[in-house]
Amino acid sequence: MNGSERLVIENVHKTMGAVRALAGVSVAVPRGTVHGIIGHNGSGKSTLVKILAGVMPADEGSYLMEAGEGAARTARAPRVAAVFQDLGLAEDMSVFDNLLANYFRRNKLGFISMKPERARARAVMAGGGLNLPLDLEAGRLPEAERVMLCVARAMMRAGVALGNGFGSHDAGADLLVMDEPTSSLPREELERFRGLVKRLRDETGVTTLIVTHNPTDIGAFCDGFTALKNGQVLCTQEAGGVTLAMLAKLMAGQSAIVEDAAEAAAGAAPLSQS
């Protein structure tokens, strides 16, 4: 991993019918950091995530992992794993099948050995703090466990390991994007999720982009954030020193607060309620 590597989203546009969802979005995110995406409903947050994940194409613009400067600059397409709002679980399939679908490992003869694959599935979940019955139908899981299962699945596809986890694989990604993962989590599960995100940042090199409506998420685990308004970047800055009140106004698309937020971040004051 190149320490100077960063995700560079440049001049991304997307129009859907008569709606201009994104209009020249540009953001740079250092590799190995957690970056929040905030904004009011319809600001373009989910559209940006879907473009990064390859669900829909951009009309214009690029998103690349870049390293170096000037003539020494290199760029490549990011390898992306994602957690979407609709989660994308096959509810009539087991936890095991949802977790490893299309990601089973084969031996030299091309066969799948189920015993080591089930052990790998348990290790995947353990890395995310989960202990679910592998044969339980996903549709029977509580909402919080469904969310955490999808996070564990994305971690596996991103090829990141925590503790005595599952290790990386050839299809590993370097960018993990999550669309509103905390919206349905009760307080206890929210704290577990936040701890997991911080461990991912501290123990792996994966870059994480998280769309959130919860301003406390920014102070809890984000290194920086971008506020969108009507498909455009309102501001991009470090998370330190920005108050919850300022974040709430940015989420509502109040551009008058941007200068105050930037000044607060420069002062490095702690995140607070006012």
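Going by the structure above, here's the rest.
Sequence order as written defines the numbering, with residues in each chain counted from 1. Two thresholds apply to this predicted model, a pLDDT of at least 70 for residue-level local features and 80 or more for giving and counting side-chain atom pairs, whereas whole-chain, interface and lining totals are computed over all residues. Here the side-chain values reflect all heavy atoms present in the structure, with hydrogen atoms and water set aside.

Colleague: In this structure, what is going on with helix H3 (residues 114-127)? I would like to understand it.
Modeller: Since one α-helical turn is 3.6 residues long, residues separated by three or four positions face the same way. Its 14 residues give H3 an end-to-end C-alpha distance of 20 Å, which sits within 8% of 20 Å, the value for a rise of 1.5 Å per residue. Only protein chains enter the area calculation, which uses a 1.4 Å probe; residues under 20% of their type maximum are buried, those over 50% are exposed, and those in between are partly exposed. Here a helix means four or more residues in a row that DSSP labels H or I, a strand means two or more in a row labelled E, and each is numbered from the N terminus. Buried within H3 we find Glu117, Arg120, Ala121, Ala123, Val124, Met125 and Gly127. Of the residues trailing H3, Gly129 is marked for its positive phi of about 75 degrees. Every helix has an expected span of 1.5 Å times one less than the residues it contains.

Colleague: Hey, could you run me through the sheet that holds strand E7 (residues 175-179) in this one?
Modeller: Strands belonging to one sheet form pairs held by backbone hydrogen bonds; the direction of such a pair is parallel or antiparallel. The strand order across the open sheet built from 6 strands is E6-E7-E8-E3-E9-E10, with neighbouring strands paired in mixed fashion. Lying at the two open borders of the sheet, with one neighbouring strand each, are strand E6 (80-83) and strand E10 (232-238). Strand-to-strand twist in this sheet, taken as the mean axis angle between neighbours without regard to direction, amounts to 15 degrees. We call two residues in contact when some of their heavy atoms are within 4.5 Å. Each axis is a line fitted through C-alpha atoms, taken for helices only over the stretch in contact, and angles between the N-to-C directions span 0 to 180 degrees. Its contacts with the sheet put helix H1 (residues 45-52) on strand E3 (34-39), E6, E7, strand E8 (207-211) and strand E9 (224-229), and the angle it makes with E7 is roughly 145 degrees. The pairing criterion is simple: DSSP has to find at least two bridges between the two strands.

Colleague: Sorry if this is basic, but what is going on with the sheet that holds strand E1 (residues 6-16) here?
Modeller: Read across the open sheet, the 4 strands follow the order E2-E1-E4-E5; overall the sheet is antiparallel. Edge positions in the sheet fall to strand E2 (19-30) and strand E5 (74-76), since each has one partner strand and no second. Neighbour to neighbour, the strand axes of the sheet diverge by 25 degrees on average, direction disregarded. Looking at chain direction, E1 and E2 are connected through 9 bridges and run antiparallel. Each bridged residue has a counterpart across the sheet, and for Lys14 the counterpart in E2 is Leu22. Lying on the sheet, H1 is in contact with E1, E2 and strand E4 (60-67); it crosses E1 at an angle near 115 degrees.

Colleague: When you look at the side chain of Glu189 in this model, what are you seeing that I'm missing?
Modeller: One can find Glu189 in helix H5 (residues 187-203). Two N or O atoms form a polar contact when they lie within 3.5 Å of each other; inside protein one atom must be a possible hydrogen donor and the other a possible acceptor, and for residues adjacent in sequence the pair counts only when both atoms belong to side chains. A polar atom in the side chain of Glu189 sits 2.4 Å from the side chain of Arg192. Dropping the residues within four chain positions of it, Glu189 is found in contact with Ala144, Glu145 and Met148.

Colleague: Looking at this model, I keep getting lost on the pattern of salt bridges. Mind explaining?
Modeller: Where charged atoms of side chains with opposite charge meet at close range, the side chains can pair. A carboxyl oxygen of Asp or Glu within 4 Å of a side-chain nitrogen of Lys or Arg is what we treat as a salt bridge. Overall, the coordinates contain 15 salt bridges when judged by the stated rule. Arg120 is paired through a salt bridge with Glu117; the nearest N and O atoms lie 2.9 Å apart. You can see Arg120 and its partner Glu117 sitting in helix H3, 3 residues apart, about one turn around the helix. Like Arg120, the residue Glu117 is buried in the burial classification. The partner of Arg192 in a salt bridge is Glu145, and the shortest N-O contact between them spans 3.6 Å. Placement of Arg192 in helix H5 and of Glu145 in helix H4 (residues 143-158) is noted, with a sequence separation of 47 residues between them. Classification of Arg192 as partly exposed rests on a relative accessible area of 25%. Via salt bridges that share partners, Glu5, Arg31 and Arg76 belong to a single interconnected network.

Colleague: Where do I start with H1 in this structure?
Modeller: The buried count for H1 comes to 6 of 8 residues, which makes it a mostly enclosed element. Restricting attention to buried positions, one finds in H1 the residues Lys45, Thr47, Leu48, Val49, Ile51 and Leu52. Following H1 by one or two positions, Gly54 adopts a phi angle in the positive range, close to 85 degrees.

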